[in-house]
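Overview (structure and organization)
Here's the letter readout for the chains.
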Amino acid sequence: MDTYKSASLSLAAVLATSVITFSSFAQVPGTATSLAVNADPVLPWALGVRIPLETAMPPTLPLPAPSQWTRTTNNPPVNIGTALLLTNGTVIAHEENDQSGSVATNNWYKLTPDINGSYINGTWSQIASMAANYGPLFFASAVLPDGRAIVEGGEYNQFGGGLTNLGAIYDPVANTWTNVNPPTGWNTIGDAQSVVLSNGQFMLANAVTVQAALFNALNMTWTPTGTGKFDINDEEGWNLLPNGKVLAVDCYVQHYQSNGMNYELYDPISGTWSVAGTTPVQLWDSAASCGGQSHASFETGPALLLPNGTVFATGANSCGAAHTAIYNTNSGTWTAGPDFPGNLGIADGPAALEPNGKMLMMTSPLIFNAGSIFFEWDGTSLTPVAGPPNAPNVSCFQGHLLLLPTGQIMYTDYTNDVEIFTPTPGNYNWVPSAYVKSPALTRGHTYLMIGTKLNGLSQATAYGDDLQCATNYPIVRLTNVATGHVFYCRTHGHSSMAVGYTGPVKTQLDIPANMEAGPSNFEVVANGIPSQPYVIQIQ
């Protein structure tokens, strides 16, 4: 997969017009990419002849009315929880039954959008299962730059047993799971946090220690990192920042301080953590006013990078309303945000960034109580919004949110009621750029693609600590002009996973062998926001 014909392209053209070029070679199913994840794009200096393409009218996707929850037409055959968006536009989801006693299996299912691109009308099918001894609940997860999905640890494993150190990686081309050995010396991973760093490396925490490790996806080995951590990793979330560092708000597990408000930054260059200061309000639940350490849950809520350059961080509180705080990534300073009303907070729970720039989040009363209420944060105020039908019956920790390529947000809650939220229209001016040099792409072939803003502005989803389903990678959608039928290409080998990055990024693009030929609208999607569409020829 290393050999391809170089396309003639000028650096000036890339920087000025965000050119995406293609070089064709046949697909080899199951072959891992060897593109260097942190390499600069290959940009030949000779100016080539670029063929003008016709700007297309945006394809019409079948979306319901804004601010509406819609149940998927076809239910999954089992109860599901964690869901991940693969780079080929499908969603894989894990069979989980937390509402029935902390039970999970080794089974996974796939949601494929229908021929018109609708996830609401999509179909479910079972994919390969993990090893018989591995069925985690509350675990670390990510989609890697090579297009594979990784799952690590678990607070529970199948029908009991806690803090497993098992892991597995899923290859969607081969439809196989492969066991991943834990980092050397790790007896636990547990309900861990993880993040894919800007250079594409997967970083994993040990939930009950200060340990962390970097994963080499090519040889499936681990390297220790993250020295200098103030407290153990348990209950903390990790947020990738535009400068490449990782933000964590300390939760003081096994290091109880009733008024502790440290936050830390991980520097990927030095591989170290450092306490960077304090938050203006306490975000983790210390129960300082209602029992203290013996009653503390140590829980916190999701934090999410937003279009205005701030991270909106949410908290939990077993004594009353939970706090929020706002971190300015440019100045490195915090300000207090509004408290949640009443006794609401997020003791673990999901949040997602809507393409219109608002942050959707799920709250519930105190710690782990049912009666969830959804809010949107617009950068100024918290506004309650309608939730899915089952929200009043569950706690926020039982919810999961996943941003889809349509800009919609998928919700699961350990039942087979899968709901999809359609946000109000608009985007926050982070449109990926796409200009194809070749006017024709061949089915069953792989192409090198270069563009800008391909990783989006944000990871776009967050939880408290033990659910990660970030979507900061490019999705390519082709819509046949004659039929309106929608096909997704598989992308893999992204040269960067940096959020908020405006420079050139390269990836590889697989044209589906079974798609329809003829003129098609070509779109690159990042964080649910599509590029300007262009008409290309599929042959």
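Scroll up for the structure.
This structure is a prediction, so every number in the text was calculated from the model and none was measured.

Focus on the side chain of S297
- Along the chain, the position of S297 falls in the loop between β21 (272-278) and β22 (303-305).
- Within the local environment of S297, its side chain forms a polar contact with the side chain of D285, the two groups lying 2.6 Å apart.
- Setting aside residues up to four positions removed in sequence, S297 forms contacts with D285 and I367.

Observations regarding the sheet that holds β22
- Read from one edge to the other, the open sheet built from four strands follows the order β22-β23-β24-β25, with strand pairing classed as antiparallel. Each end of this open sheet is capped by a strand with a single partner; those strands are β22 and β25 (333-336). On average, each strand axis in the sheet is inclined to that of its neighbour by 20 degrees, with strand direction left out of account.
- Of the strand pairs in this sheet, strand β24 (residues 324-328) and β25 are connected by four bridges, and their pairing is antiparallel. Of the residues in β25, the one forming a bridge with A325 is A336.

Here's the deal with the pattern of salt bridges
- Under the counting rule described, the total for this entry stands at nine salt bridges.
- Notably, a salt bridge pairs E264 with K229, separated by 2.9 Å at the nearest N-O pair. Here the residue E264 occupies a position in strand β20 (residues 262-267), and K229 occupies one in the loop between β17 (221-225) and β18 (239-240), the gap between them amounting to 35 residues.
- Assessed through its relative accessible area of 0%, E264 is described here as buried.
- Measuring nitrogen to oxygen at the nearest pair gives 3.1 Å for the salt bridge that ties E523 to R477. Separated by 46 residues along the polypeptide, E523 in strand β40 (residues 518-526) and R477 in strand β37 (residues 475-480) bring together distant segments of the chain. Each member of the pair E523 and R477 is classed as buried.
- A single network of salt bridges, built from pairs that share partners, joins K229, D231, E236, D250 and E264.

Conventions adopted
Residues numbered from 1 in each chain as written. Predicted model: local features only at pLDDT ≥ 70, side-chain atom pairs only at ≥ 80, totals over all residues. Heavy atoms only, no water. Helix = DSSP H or I, 4+ residues; strand = E, 2+ residues; numbered from the N terminus. Polar contact = N/O pair within 3.5 Å; in protein donor to acceptor, adjacent residues only side chain to side chain. Contact = heavy atoms within 4.5 Å. Pairing = 2+ DSSP bridges. Axes fitted to C-alpha atoms, helices over the stretch in contact; angles between N-to-C directions. Salt bridge = Lys/Arg side-chain N within 4 Å of Asp/Glu carboxyl O. Buried < 20%, exposed > 50% of the residue type's maximum accessible area, 1.4 Å probe, protein only.

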